[in-house]
Amino acid sequence: MKTPSFLSTLDTLTPPQQICFAAAIITRSTPNYQLFLELTQFGDIQLFRQALNLLWDFASGQQNQVALEKWLPQIEQHIPDREAFDMYGVHPATDAMLSLSMAMNCALSPNSEEVDGIAQLALKTIGQFLKYSEVPELKGTELQQYIEQHPLYLQQLDFYDELLGSLSKVKVTPSLIKEIKNLARNDEISHLGISISEDK
């Protein structure tokens, strides 16, 4: 499935704004990874959340690249092997961890194309989920049309539009990050509509 590119808009953002965009997408995918962990006992949700918080802190200037360099190998070690699990849930969980690794690499070496890749990967995750859960019989153009008209896909595009609109107006500040975090958390419902109750 061909997914839309946001590169032209991302190119107008500063590296901290791009990292905020990526971190928001990953934040919304967190319940997918957490559900997989609960079902398989594979992974580390605290590691995931701490690394994600590190990204937010980096975007606001509270962390440096040295901290990211220390965390990146740990994240890469916890990316699930799709072939090792006979269940669909490994795919969105792997996509979440891959996105986190990509975002940390972008923080170390700014790359708007890779940030665009994170946005596209989340849309592909939705497409794969819809094919698996709703329309396994569809292929090609029919499948693409079904996905592109589905509320989950359209909601994700609206989420991107809202993120890019907020980020393009002002520079990254603690108040902006708080606003974007709240938007991204989406009442702890992922972009696949998965909800996980979280201990506060």
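Now for a look at the structure at hand. All values reported here derive from a predicted model rather than from experimental measurement.

**Considerations on the nonpolar core**
Nonpolar side chains in soluble globular proteins tend to be buried together.
Reasoning step 1: Phe21, Phe48, Leu55, Met104 and Tyr160 are the most contacted members of the largest nonpolar core, which totals 68 residues.
Reasoning step 2: Mapped by element, the contributors of at least two residues to this core are helix H2 (15-40), helix H3 (45-59), helix H4 (65-77), helix H5 (90-108), helix H6 (112-133), helix H7 (140-148), helix H8 (151-167) and helix H9 (174-185).
Reasoning step 3: Looking at which element gives the most residues to this core, the answer is H2, with 11 residues.

**Some thoughts on the environment of Lys70**
Reasoning step 1: Tracing the chain through its elements places Lys70 in helix H4.
Reasoning step 2: Lys70 sits 20 residues away from Val90 along the chain, and the two C-alpha atoms are 25 Å apart.

**Quick word on unusual backbone geometry**
Reasoning step 1: Unlike most non-glycine residues, Gln41 shows phi in positive territory, near 60°.
Reasoning step 2: With a phi angle near 60°, Glu188 is a residue other than glycine that sits in the positive phi range.
Reasoning step 3: Along the chain, the position of Glu188 falls in the segment after H9.

**Side note on H8**
Reasoning step 1: Over its 17 residues, H8 runs 24 Å from end to end, which matches the ideal 24 Å to within 8%, given 1.5 Å per residue.
Reasoning step 2: Those residues of H8 lying buried are Leu152, Tyr153, Gln156, Leu157, Phe159, Tyr160, Leu163, Leu164, Ser166 and Leu167.
Reasoning step 3: Where H8 is buried, its residues touch helix H1 (7-10), H2, H6, H7 and H9.

**Concerning the pattern of salt bridges**
Reasoning step 1: Across all of its chains, the model carries one salt bridge by this definition.
Reasoning step 2: A salt bridge links Arg82 to Asp95, with the shortest nitrogen-to-oxygen separation between them at 2.7 Å. Of this pair, Arg82 sits in the loop between H4 and H5 while Asp95 sits in helix H5, placing them 13 residues apart in sequence.
Reasoning step 3: By relative accessible area, which is 29% here, Arg82 ends up partly exposed.

**What about a negative patch on the surface?**
Reasoning step 1: A contiguous patch of negative charge on the surface is contributed by Asp158, Asp161, Glu162 and Glu179.
Reasoning step 2: The element contributing the most residues to the negative patch is H8, with three residues.
Reasoning step 3: Tracing the sequence through the fold places Asp158 in helix H8.

**What to know about the packing of H3 against H9**
Reasoning step 1: Here H3 crosses H9 at 145°, and the two axes come no closer than 10 Å. As for how H3 packs across H9, the hand of that crossing is right-handed. Residues Asn53, Trp56 and Ala59 of H3 form the contact with H9, whose own contacting residues are Ile177, Ile180 and Lys181.

**Some details on the environment of Gln144**
Reasoning step 1: Its place among the elements puts Gln144 in helix H7.
Reasoning step 2: Gln144 sits in the partly exposed class, given a relative accessible area of 28%.
Reasoning step 3: Separated by 13 residues in the primary sequence, Gln144 and Lys131 place their C-alpha atoms 9.6 Å from one another.

**Re the packing of H3 against H5**
When two helices pack together, their arrangement is given by the angle between their axes and by how far apart the axes lie.
Reasoning step 1: At a closest axis distance of 11 Å, the pairing of H3 and H5 adopts a crossing angle of 30°. Here H5 runs roughly parallel to H3, going by the angle between their axes. For H3 against H5, the interelement crossing comes out left-handed. Between H3 and H5, the contacting residues are Phe48, Ala51, Leu52, Leu54, Leu55 and Phe58 on the first element and Ala96, Met97, Leu100, Ala103, Met104 and Ala107 on the second.
Reasoning step 2: Split by residue class, the contact of H3 with H5 holds 12 nonpolar, no polar and no charged.

**Quick look at the environment of Ile118**
Reasoning step 1: Its place among the elements puts Ile118 in helix H6.
Reasoning step 2: Exposure remark for Ile118: the relative accessible area of 0% places this residue in the buried category.
Reasoning step 3: Residues Ile118 and Ser101, 17 residues apart in the sequence, show an inter-C-alpha distance of 10.0 Å.

About the thresholds
- Residues numbered from 1 in each chain as written.
- Predicted model: local features only at pLDDT ≥ 70, side-chain atom pairs only at ≥ 80, totals over all residues.
- Heavy atoms only, no water.
- Core = buried A, V, L, I, M, F, W, Y, C linked by side-chain atoms within 4.5 Å.
- Buried < 20%, exposed > 50% of the residue type's maximum accessible area, 1.4 Å probe, protein only.
- Helix = DSSP H or I, 4+ residues; strand = E, 2+ residues; numbered from the N terminus.
- Expected span 1.5 Å × (residues − 1).
- Contact = heavy atoms within 4.5 Å.
- Salt bridge = Lys/Arg side-chain N within 4 Å of Asp/Glu carboxyl O.
- Patch = residues over 30% accessible without salt bridge, like charges linked within 9 Å, V, L, I, M, F, W, Y side chains within 5 Å.
- Areas by Shrake-Rupley, 256 points an atom, 1.4 Å probe, with all protein chains shown as cover.
- Lys, Arg positive; Asp, Glu negative; His and termini not counted.
- Charge placed at Lys NZ, Arg CZ, Asp CG, Glu CD.
- Axes fitted to C-alpha atoms, helices over the stretch in contact; angles between N-to-C directions.
- Left-handed = near helix turned anticlockwise from the far one by under 90°.
- Parallel < 35°, antiparallel > 145°, perpendicular 65-115°, else oblique.
- Nonpolar A, V, L, I, M, F, W, Y, C, P; charged D, E, K, R; others polar.

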